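Residue-level listing of the chains:
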Amino acid sequence: MKTDELITLLANQAGPAPKALVVKRLLPAGMAGGLLAAALVVSVLGLIPDTMLTEPGPWIKFAYAGALALATAWLVSRVGKPGASGRQAVGAVLGIVLVMLLVGFVSYISMDESERAAALMGHSWLLCPWTILVLSIPVMAGSFWAMRGLAPTNLPLAGAACGLFAGAVAAMAYALACTEPAAPFIAIWYTLGIALCGGVGAVLGPRLLNW
């Protein structure tokens, strides 16, 4: 028997990691990283005006990022279990993204042409994705710590799951300060920021989880 075949056999027979272990590691990591990201937002960027809370924009951001945080946490728990399929969790993540893109598209085409550019680009389109990426760093560190206590076999996918989870939590924190109200902006630039986090996680996964 070849070494690769032996490793695969042992991984498949190892059984899934206990659910309590996943929650015990990922929940505090996500909360600690999220609180640190939120503290950075409040101290550096400040909070959105209270008047914006009566508009749908901030709540769309919180709902979108929160739903992605739950879906990507599910993905983290699946890819951290040897032999477990993450297909349903991936489908949930993609479904949430597609719904947000659809909401953004419908909102975009329903606007007057004179309003579309501002709704899509806002005043911070270049800043938004990179800010989410920076804010994701403490959450990503915690999620990688949580993943190292599990048993992932696909390290790039495990890293991407950690990155996407970190990006979603960071996007929730950034929404505390972001004054962009339009659904098209949220659909494009928040999604891009979270995707950047997933890409960074995929690159770091084989390096940080292969111990």
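Residues numbered from 1 in each chain as written. Predicted model: local features only at pLDDT ≥ 70, side-chain atom pairs only at ≥ 80, totals over all residues. Heavy atoms only, no water.

A few points about helix α6 (residues 127-148)
Taking 1.5 Å as the rise per residue, α6 with 22 residues should run 32 Å; its terminal C-alpha atoms sit 31 Å apart, in good agreement. The sharpest bend along α6 measures roughly 45 degrees and falls at I137, with the proline P138 sitting one to four residues further on. (Helix = DSSP H or I, 4+ residues; strand = E, 2+ residues; numbered from the N terminus. Expected span 1.5 Å × (residues − 1). Bend = angle between axes of the 7 residues up to and from the residue.)

Details of the environment of T131
Looking at the secondary structure, you find T131 in helix α6. Once the C-alpha coordinates of T131 and A170 are considered, the two residues, 39 residues apart in sequence, prove to be 8.7 Å apart. With residues near it in sequence (within four places) discarded, T131 still touches L45 and Y174. (Contact = heavy atoms within 4.5 Å.)

Focus: a nonpolar patch on the surface
A surface patch of nonpolar side chains, about 390 Å² in accessible area, is lined by L102, F105, V106 and I109. A relative accessible area of 45% places V106 in the partly exposed class. (Patch = residues over 30% accessible without salt bridge, like charges linked within 9 Å, V, L, I, M, F, W, Y side chains within 5 Å. Areas by Shrake-Rupley, 256 points an atom, 1.4 Å probe, with all protein chains shown as cover. Salt bridge = Lys/Arg side-chain N within 4 Å of Asp/Glu carboxyl O. Buried < 20%, exposed > 50% of the residue type's maximum accessible area, 1.4 Å probe, protein only.)

Observations regarding the environment of K81
Positionally, K81 belongs in the loop between α3 (56-79) and α4 (87-109). K81 sits in the buried class, given a relative accessible area of 9%. The spacing of K81 and N154 is 73 residues in sequence and 10.0 Å in space, taken between C-alpha atoms.

What to know about the packing of aromatic side chains
In total, this model carries 3 aromatic pairs according to the counting rule given. The interplanar angle of 35 degrees and the centroid separation of 5.9 Å between the aromatic rings of Y174 and Y190 together place this pair among those described as tilted. Taken as a pair, Y174 in helix α7 (residues 155-174) and Y190 in helix α8 (residues 183-208) lie far apart in primary sequence, 16 residues in all. Each of the two residues, Y174 as well as Y190, counts as buried. Lying over the aromatic face of Y108, R116 brings its terminal NZ or CZ to 5.3 Å of the ring centre. (Phe/Tyr/Trp six-rings, centres within 6.5 Å; stacked < 30°, edge-to-face > 60°. Lys NZ or Arg CZ within 6 Å of the ring centre and 35° of its normal.)

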